[in-house]
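# Breakdown of the fold
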Amino acid sequence: MSEIPRAAEILRAGGLVAFPTETVYGLGADASSATAVARLYAAKGRPADHPVIIHFSSPEGAFEWGRDIPQAARKLAARFWPGPLTLILKRSAKAKDFVTGGQDSVGLRVPSHPVARELLREFDGGVAAPSANRFGNVSATTAAHVIGELNVDYVLDGGASEVGIESTIVDLSGGVPVLLRPGAISRLQLEEILGTKILDANSASPRHSGGLERHYAPRTPALLVPPHALDAEIAKHGDAVAVLAFSRPDERVEYWIRMPRTPQAYAQRLYAALRELDTADCSVILIETPPQAAEWDAIRDRLSRATG
Ligand code: TXA
Ligand code: MG
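Residues numbered from 1 in each chain as written. Chains lettered and ligands numbered in written order. Predicted model: local features only at pLDDT ≥ 70, side-chain atom pairs only at ≥ 80, totals over all residues. Heavy atoms only, no water.

Turning our eyes to something else, we now look at the nonpolar core. Core analysis: the largest hydrophobic core is formed by 45 residues, its most contacted members being Leu27, Trp81, Leu85, Leu87, Leu108 and Leu190. Of all the secondary-structure elements, those providing two or more residues to this core are strand 2 (26-30), helix 2 (34-44), helix 3 (59-63), helix 4 (71-80), strand 4 (85-90), strand 5 (105-109), helix 7 (143-147) and helix 8 (187-194). Broken down by element, the residue count for this core peaks at five residues, all from helix 2. Apart from the residues lying within four places of it in its own chain, the contact partners of Leu190 are Leu76, Phe80, Leu85, Thr168, Val170, Leu179, Ile185 and Ile198. (Core = buried A, V, L, I, M, F, W, Y, C linked by side-chain atoms within 4.5 Å. Buried < 20%, exposed > 50% of the residue type's maximum accessible area, 1.4 Å probe, protein only. Helix = DSSP H or I, 4+ residues; strand = E, 2+ residues; numbered from the N terminus. Contact = heavy atoms within 4.5 Å.)

Alignment of strand 8 (residues 168-171) against strand 9 (residues 178-181), held across three bridges, turns out to be antiparallel. Paired with Asp171 across the two strands is Val178, which belongs to strand 9. The antiparallel hairpin formed by strand 8 and strand 9 contains six residues in its connecting segment. Strand direction decides the pairing type here: strand 9 and strand 10 (residues 199-200), joined by two bridges, are parallel. The residue of strand 10 that forms the bridge with Val178 is Leu199. Between the parallel pair strand 9 and strand 10, the chain is carried across by helix 8, and the sense of this crossover is right-handed. (Pairing = 2+ DSSP bridges. Right-handed = clockwise from strand over helix to strand, strands pointing away.)

This part covers the pattern of salt bridges. Considering all chains together, one arrives at 16 salt bridges under this definition. Among the ionic pairs, Asp153 bridges to Arg39, the shortest N-O distance being 3.3 Å. Placement of Asp153 in the loop between helix 7 and strand 7 (154-155) and of Arg39 in helix 2 is noted, with a sequence separation of 114 residues between them. A residue is classified by how much of its surface remains accessible, and Asp153, at 38% relative accessible area, is partly exposed. Ionic pairing is found between Lys94 and Glu64, a salt bridge with its closest N-O pair at 3.5 Å. (Salt bridge = Lys/Arg side-chain N within 4 Å of Asp/Glu carboxyl O.)

Right, let's get into the sheet that holds strand 11 (residues 222-225). Reading across the sheet, the four strands line up as 11-14-12-13 and stay open at both edges, with parallel pairing between neighbours. Each end of this open sheet is capped by a strand with a single partner; those strands are strand 11 and strand 13 (255-258). The mean angle between the axes of side-by-side strands here comes to 20°, regardless of whether they run parallel or antiparallel. Taken together, the four bridges between strand 11 and strand 14 (residues 284-288) define a ladder with parallel strand orientation. Across the sheet, residue Val225 finds its bridge partner in strand 14, namely Glu288. (Axes fitted to C-alpha atoms, helices over the stretch in contact; angles between N-to-C directions.)

Taken as a whole, this structure holds five aromatic pairs when the rule is applied. Geometrically, the ring pair formed by Phe63 and Trp81 is tilted, given 5.7 Å between the ring centres and 35° between the ring planes. With a gap of 18 residues between them, Phe63 in helix 3 and Trp81 in the loop between helix 4 and strand 4 connect regions that are remote in the sequence. There is no split in this pair, since Phe63 and Trp81 are both buried. Through successive ring pairs, a cluster of aromatic residues spans Phe246, Tyr266 and Trp296. Seen from the ring of Tyr41, Arg46 lies directly overhead, with NZ or CZ sitting 5.8 Å from the centre. (Phe/Tyr/Trp six-rings, centres within 6.5 Å; stacked < 30°, edge-to-face > 60°. Lys NZ or Arg CZ within 6 Å of the ring centre and 35° of its normal.)

Turning our attention to unusual backbone geometry. Here the bond from Trp81 into Pro82 is cis, since omega is -5°, no more than 30 degrees from zero. Mapped onto the secondary structure, Pro82 falls in the loop between helix 4 and strand 4. Although it is not a glycine, Asp68 sits at a positive phi angle of roughly 45°. With respect to the element layout, Asp68 can be found in the loop between helix 3 and helix 4. Here Asp124, not a glycine, exhibits a phi torsion of approximately 60°, which is positive.

Further remarks concern the sheet that holds strand 6 (residues 127-128). Taking strand neighbours across the sheet as the criterion, the ten strands line up as 7-1-2-6-3-5-4-8-9-10 in an open arrangement whose pairing is mixed. Either end of the sheet is taken by a strand with one partner, and the two such strands are strand 7 and strand 10. Bridge analysis of strand 1 (residues 17-19) against strand 7 gives two bridges, and the strand direction is parallel. Residue pairing in the sheet places Ala18 in a bridge with Val155 of strand 7.

This next bit is on helix 9 (residues 230-237). Since there are 3.6 residues in each turn of an α-helix, residues three or four apart along the chain are aligned in direction. Looking only at helix 9, the buried set comprises Leu230, Glu233 and Ile234. The buried residues of helix 9 occupy one face: seen down the axis, they fall within an arc of 100°. Away from the buried face of helix 9 by more than 90 degrees, exposed residues Ala232 and Lys236 are located. Tucked inside the fold, the buried residues of helix 9 contact strand 11, strand 12 (241-245) and strand 14. Gly238 lies just past helix 9 and shows a positive phi near 70°. (Arc of directions from axis to C-beta.)

Checked against the element boundaries, His55 lands in strand 3 (residues 53-55). His55 sits in the buried class, given a relative accessible area of 3%. For the pair His55 and Asp68, spaced 13 residues apart in sequence, the C-alpha separation works out to 19 Å. His55 has contacts with Arg109, Pro111, Leu120, Gly125, Gly126, Val127 and Ala129, leaving out every residue within four places of it along the chain. At 3.3 Å, the side chain of His55 and the backbone oxygen of Ile53 are in polar contact. (Polar contact = N/O pair within 3.5 Å; in protein donor to acceptor, adjacent residues only side chain to side chain.)

Printed below as a string of structure tokens:
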């Protein structure tokens, strides 16, 4: 049997399949099966009251899991699906408590990666898929990352994820749109389509694990350092330091990775770079602070979480 039908069969049997998406790798399970989703949470080590994103091959399929679908959702879906956008909508009866964390809302996404699309088409239902990493860790952007970290029934290898950071999440379940997680699709792009302002997530918004303080974090403590302070900080830590920077530090350092100067290329590289430096056995990872411009919002968000 070829890979996709085999993977779909494993999902139907209640198994766990890791698959590539354009953002990061997902750890998939049948979203309508309580036992499959329970296995998913156990494999990730994730608290049971956290909601997951459910993935579909088409917007029509996705919207069956929501109710009172607002016009805003249809507009965003028409423009950005398939793609790196997750919509939080009021849930329909299909979205049970075990995928919503008991909330009255549900997270829906139609990914664009060809392997994900094929799998979802073949499975013909909703696939619950959090990022394929242990809870709290940096997300996986290659099949090798997943295999090294999780116990799963099957891994589809679709190469390195192109976007590299998790989808933008917009909550449309209340009266006004709220940005729960910045991503490759920017606030500006969303506001342009909606013709309204999008609010920032605050403590009143629904529970989302991406909103936890320390998340997307390497095991080695990481620190954000402004460009002008980088050399002094390296000197302070001596040999036991790893560095993520835009150019070679003046101060001698054994482990360092040069990061790209555009936010798209930086995001694509980020998690693999953090994982690589995490294996260097250093006492600290120093990360050069990226520019303040809005196009770096999603990266600054992930870096501030990685650095606690
Ligand atoms: O790019 C992505 O979104 C990847 C790929 C695999 O699709 N998935 C991903 O899933 O990042 P995960 O579970 O690691 O993060 C999903 C985020 C979490 O912060 C979760 O709490 C939030 O979405 N979320 C899901 N359903 C929600 C809901 N009903 N209300 C609020 N937040 C929700
Ligand atoms: Mg995650």
